[in-house]
Each structure stands twice: as C-alpha cells, then as structure tokens.
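# Chain and residue survey
Chain by chain, the residues:
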Amino acid sequence: MSTTATELSPESGEATGGIGGFATRAIRTGHQRTPEGEHGEPIFTTSSFVFASAAEAAARFAGEQSGNIYSRFTNPTVRAFEERLASLESGERCVATASGMAAILAVCMGLLKTGDRILSSRSLFGSTTLLFNKYLARFGIETDYVPLSDPGAWEAAIHPRTRLLFCETPSNPLTEMVDLRRLADIAHRHGCLLAVDNCFCTPALQRPLELGADLVIHSATKYLDGQGRCVGGAVVGDHKLVGEEVYGVLRTAGPTLSPFNAWVFLKGLETLDLRMQAHARGAAQLADWLLAQPAVERVYYPGLPEHPQHHLLGTQQRNGGGIVAFDVRGGREAAWRVIDSTRLLSITANLGDVKTTITHPATTTHGRLSPEDRATAGIGEGLIRVAVGLEEGADIQTDLARGLAGL
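All figures in this text were calculated on a predicted structure; none of them were measured in a lab.

### Quick notes on the side chain of Ser219
Among the structural elements, Ser219 can be located in strand β6 (residues 215-219). With residues near it in sequence (within four places) discarded, Ser219 still touches Gly100, Cys199, Gly232 and Gly233.

### Looking at the side chain of His279
Here His279 lies in helix α11 (residues 272-291). For His279, the side chain forms a polar contact with the main-chain oxygen of Val388, separated by 2.7 Å. In contact with His279, other than residues within four places in its own chain, are Tyr223, Gly321, Gly322, Gly352, Asp353, Val354, Val388, Gly389 and Leu390.

### Things to note about the state of the cysteines
Evaluated as defined, the whole model comprises zero disulfides. Among the cysteines around Cys230, which has no disulfide bond, Cys199 carries the closest sulfur, lying 15 Å off. Residue class for Cys230 comes out buried when judged on its relative accessible area of 7%.

### A closer look at the pairing of strand β5 (residues 193-197)
Among the five residues in β5, four count as buried, and that is most of the element. Relative to β5, strand β4 (residues 162-168) runs parallel, the two sharing five bridges. Considered in β5, the bridge of Glu168 is made with Asp197. Of the crossover connections in this fold, the one passing from β4 over helix α7 (residues 180-189) to the parallel β5 is right-handed. The pairing of β5 with β6 spans three bridges and is parallel.

### Let's talk about helix α14 (residues 393-404)
For an α-helix, 3.6 residues make a turn, and residues three or four places apart therefore share a direction. Its twelve residues give α14 an end-to-end C-alpha distance of 16 Å, which sits within 8% of 16 Å, the value for a rise of 1.5 Å per residue. Looking only at α14, the buried set comprises Gly393, Ile396, Gln397, Asp399, Leu400, Gly403 and Leu404. Angular distribution of buried residues about the axis of α14 spans 160 degrees; they occupy a single face of the element. The inward-facing, buried residues of α14 contact α11, β8 (296-300), β9 (323-328), α12 (331-340) and β11 (357-359).

### Structural notes on the sheet that holds β11
If you trace the five strands from one edge of the open sheet to the other, you get β8-β9-β12-β11-β10, paired in mixed fashion. Strand pairing shows two members of the sheet lacking a second neighbour, β8 and β10 (346-347), which therefore form its edges. Inspection of the sheet shows β11 paired to strand β12 (residues 383-387) by three bridges, in the antiparallel sense. Residue pairing for β12: Ile358 is matched across the bridge by Val386. Contacts between α12 and the sheet are confined to β9, β10, β11 and β12, with β9 contributing the most and set at about 130 degrees to the helix.

### Regarding the packing of aromatic side chains
Considering all chains together, one arrives at five aromatic pairs under this definition. Summarising the aromatic geometry, the rings of Phe81 and Phe265 are spaced 5.5 Å apart at their centres and angled 45 degrees between planes, so their arrangement reads as tilted. Remark: Phe265 occurs in helix α10 (residues 259-270) and Phe81 occurs in helix α3 (residues 76-88); sequence separation between them is 184 residues. Owing to a relative accessible area of 0%, Phe81 belongs among the buried residues under this scheme. Taking relative accessible area as the criterion, Phe265 reaches 0% and is therefore assigned buried. Positioned over the ring face of Tyr247 is Arg93, at 5.8 Å from the centre of the ring.

### Notes on the pairing of β4
Counting buried residues along β4, six of its seven residues qualify, which places the element largely inside the surrounding structure. Where strand β2 (residues 117-121) and β4 come together, four bridges link them in parallel fashion. Pairing of Ile118 across the sheet is with Leu164, part of β4.

### So, unusual backbone geometry
Cis geometry marks the peptide bond from Thr169 to Pro170, where omega comes out at 0 degrees. Tracing the chain through its elements places Pro170 in the loop between β4 and α7. Here the residue pair Asn172 and Pro173 is connected by a cis peptide bond, since its omega of 10 degrees sits within 30 degrees of zero. Counting through the fold element by element, Pro173 comes out in the loop between β4 and α7. Phi is positive for Ser90, close to 60 degrees, though the residue is something other than glycine. Judged by its relative accessible area of 40%, Ser90 falls in the partly exposed class. The backbone phi angle of Thr175 is positive, close to 55 degrees, even though this residue is not glycine. You can see Thr175 is positioned in the loop between β4 and α7. Residue Thr175 is classed as buried on the basis of its relative accessible area, which comes to 1%.

Reading the values: rules and limits
As a convention, each chain's residues are numbered from 1 in the sequence order in which they are written. Restriction of local features to residues with pLDDT of at least 70 applies here, the model being predicted, together with a cutoff of 80 or more for giving and counting side-chain atom pairs; totals for whole chains, interfaces and linings are based on all residues. The side-chain figures draw on all heavy atoms in the structure; neither hydrogens nor water molecules are used. Numbering of helices and strands starts at the N terminus; helices are DSSP runs of H or I of at least 4 residues and strands are runs of E of at least 2. Contacts between residues were defined by any pair of non-hydrogen atoms, one from each residue, lying within 4.5 Å. Polar contact is defined as a pair of N or O atoms within 3.5 Å, subject to the rule that within protein one atom must be able to donate a hydrogen and the other to accept it, and that residues adjacent in sequence are counted only when both atoms are side-chain atoms. Any pair of cysteine sulfurs within 2.5 Å is marked as a disulfide. Buried residues are those whose accessible area, probed at 1.4 Å on protein chains only, stays under 20% of the maximum for their type, while exposed residues exceed 50% and partly exposed ones sit between those limits. DSSP calls a pair of strands paired once it identifies at least 2 bridges connecting them. Crossovers are described as right-handed under a simple rule: with the strands pointing away from the observer, the path leading from the first strand over the helix to the second runs clockwise. Given the number of residues in a helix, its expected span is that number minus one, multiplied by 1.5 Å. To obtain the arc, one takes the directions from the helix axis to the C-beta atoms. To get an axis, a line is fitted to the C-alpha atoms, and for a helix only the part in contact is used. The angle between two axes follows their N-to-C directions and goes from 0 to 180 degrees. When two rings of Phe, Tyr or Trp (its six-membered ring) have centres within 6.5 Å they constitute a pair, described as stacked for plane angles under 30 degrees, edge-to-face for angles over 60, and tilted for the intermediate range. In this analysis the charged atom, NZ for Lys or CZ for Arg, is taken to sit over a ring once it is within 6 Å of the ring centre and within 35 degrees of the ring normal.

This is the structure:
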C-alpha cells in the first residue's frame, strides 16, 4: 500500500496508521501526536488518568467508551509500542507484558484451563520448560514434548485434550527450526492453536502469523530493544485471542509493561530491520570461521548449508539470524576455558544486544533443568552459545581464538 502526504501530515496528530513498508512502520506506527506537537514519542509516566465527569469514568470502566483508565492496562506509551509491534507482525492486536515469560504465562492463563494439554517442542528456553512442568502442572495443565523439526511427531502426539501447540523456531540455543505452515495446518486440523516464540528472529526475519500461526510471543528484552536496557514481553494475534482473552489476564492480574520500558522498545524498533541484517551477516561470518577451528566439533547455525532446516531460509525465515552455537571438544571444562578466555565478549545469558554475548547453556539458561531433560533437549556440556553483536567480525574471532587455541 502506498503512503500519501495526507496520511503522514503533522496536522493529523498521528504519524501513520500502519501504512508503508516494514522500515517505515517500525519508525512511525503508533505515535498519536499530542497538542504539543512533539516529534518523538512521549513517555506517559502516570499511574492513572483523569475523567471529565463521573459519567465518563463509568462509561470507560464499563467498556462503553474507549480511553485511558489505569496504567496497569491502558497507557498511551505502551499502546504505541503494542500498535507498532502488531503492525510489524501482521497481527490485529498486541498485548505488552512485563517480560517474555509473563507473555507466555498470560497466554496460558488466558486460553487454557484445568485438564487442557500443551504440546511443545523439546527445544525450549529453560524457564519455559519449568513454567510448563512445575507451575502449570500444579493447576492440572499437562505438557507433552516432541522433536521440534518433525511434523509427523507433532501430529502423532496430539491428545484429545491438547489445546495449544507451542514452539520456538529457531530454538534456543541449537537453532533448530520447524516448517510453520505445516505445523499450523496440523494444529488447526486438530482444533488446536499454534503459538510461536519469535524471539530469535523478530518480525524483521520471520512473521509466523503470515504462515498460519495464531499467536506470536516475544521477549522484547532481546532484539526488540537491541541494547540490553530493559525487560519486557509481548503477545500478538487477533482481536479475540489477544485483544480479549490475553488482555483480560493483563487487566486483572497485572503483569504490566512500564511506560518507560515501552518507550525504550519503541526506540529499538526504529532500527530493528537494520540491526537484524547486521547481526545475521556477523553470525554467518562467525559460523564459517568456527567450522575451520580444530577444537570445534559442531556448529549450529541455520545459514550453514549443512544445517538440517537450511531449506527453510528464504521461504519462512529471511536469513540465518544472529545466534551461533557450537560444541567444543573437552566438555564443560573446555567450554568454560573458552568463555573465560574472552576479553571482548560479554559473559551473560542475555542476547539480542549490539554487544556480542557468550554463555554456557548447560549451566545458565538451561541450568535448572535436570540432566536428563538437558540431554533430551540436546544441551551438552561442551555447548557454547554466542549472540553475535555489531562489533567487527575479526575482533569477535580473535577473542574466541584465544580460548580455542588452548584446547
């Protein structure tokens, strides 16, 4: 759709209503310009909002009139972030939350009940597995697990009470992928919903809703922010599932995103497309270099031709993304030696930052899992995950070479 001068006019009080290409929407969508005529989005740091009359207050609380009520569930800065991300993900509604894990919890609380079952991939962020196995199980919601990339296994494991299929693609940290069109078809054929954690790709590289998914979940803490500044999450989908059911959980239980964090994420979205392309270029360069290192036993990166789901690039996922994982010879001792030898890379479990980060998944992101669960998920003691930032590629290689040379 083309953008007209009228649609972008300052007099309209709205920069754009989701009009234009991806980069344009990432910069413009959601900003409702105030009478002050500000060029940048304001931060509405207020807990509550004032009504013109008791009747107006009653109408808003009753849902008869739109408008702000209380920042636990209505705030203009948070709403701007929600509208912008919904536009980028091709969704109708977005609900922003206090963290990515809060987003997953809100989906489960809003859409599931006692006796329902989740069917999930085995390749998951450790906290997601614990949420399913330890906490949701207490309330009678059971979870079954299957290999992420095997559509046949997904279909065979669907139970009569299965209501939600859940996956990360690419997965954390092994970058496994699943054909989302096929998985969505399987889910819908059995009357289930499909939720996709799109944290590793963001809508700049992959848009699951366009491939048939019902819900997209984000840890905005990662690439949506892009500089490791704030914690937040989001759920994107249609008006019913997200705009009513998930939003209802947010309004009542209050896992709320702060206006300041929403503003930071708005700034992050402005450069999302450029950053994701740069992250992917750096990651591809690093993956190729790691393949040539004698101490490296295996490299996990979708951009490599030998990656099992490499064929999904270009049709489902724009490129290989910014995460590279690799196994080193010698197990935990060797992996820790590589990590501790770095001088440039940041030893932290976070990812999606302009600064390259490095971590040992078996003792950090997946450290709370049992050894059996880690083994089932393919998380070995010699595995290292690198989230490639925007530094010079040669400097990242030099930093890793210091530790690899000693193995």
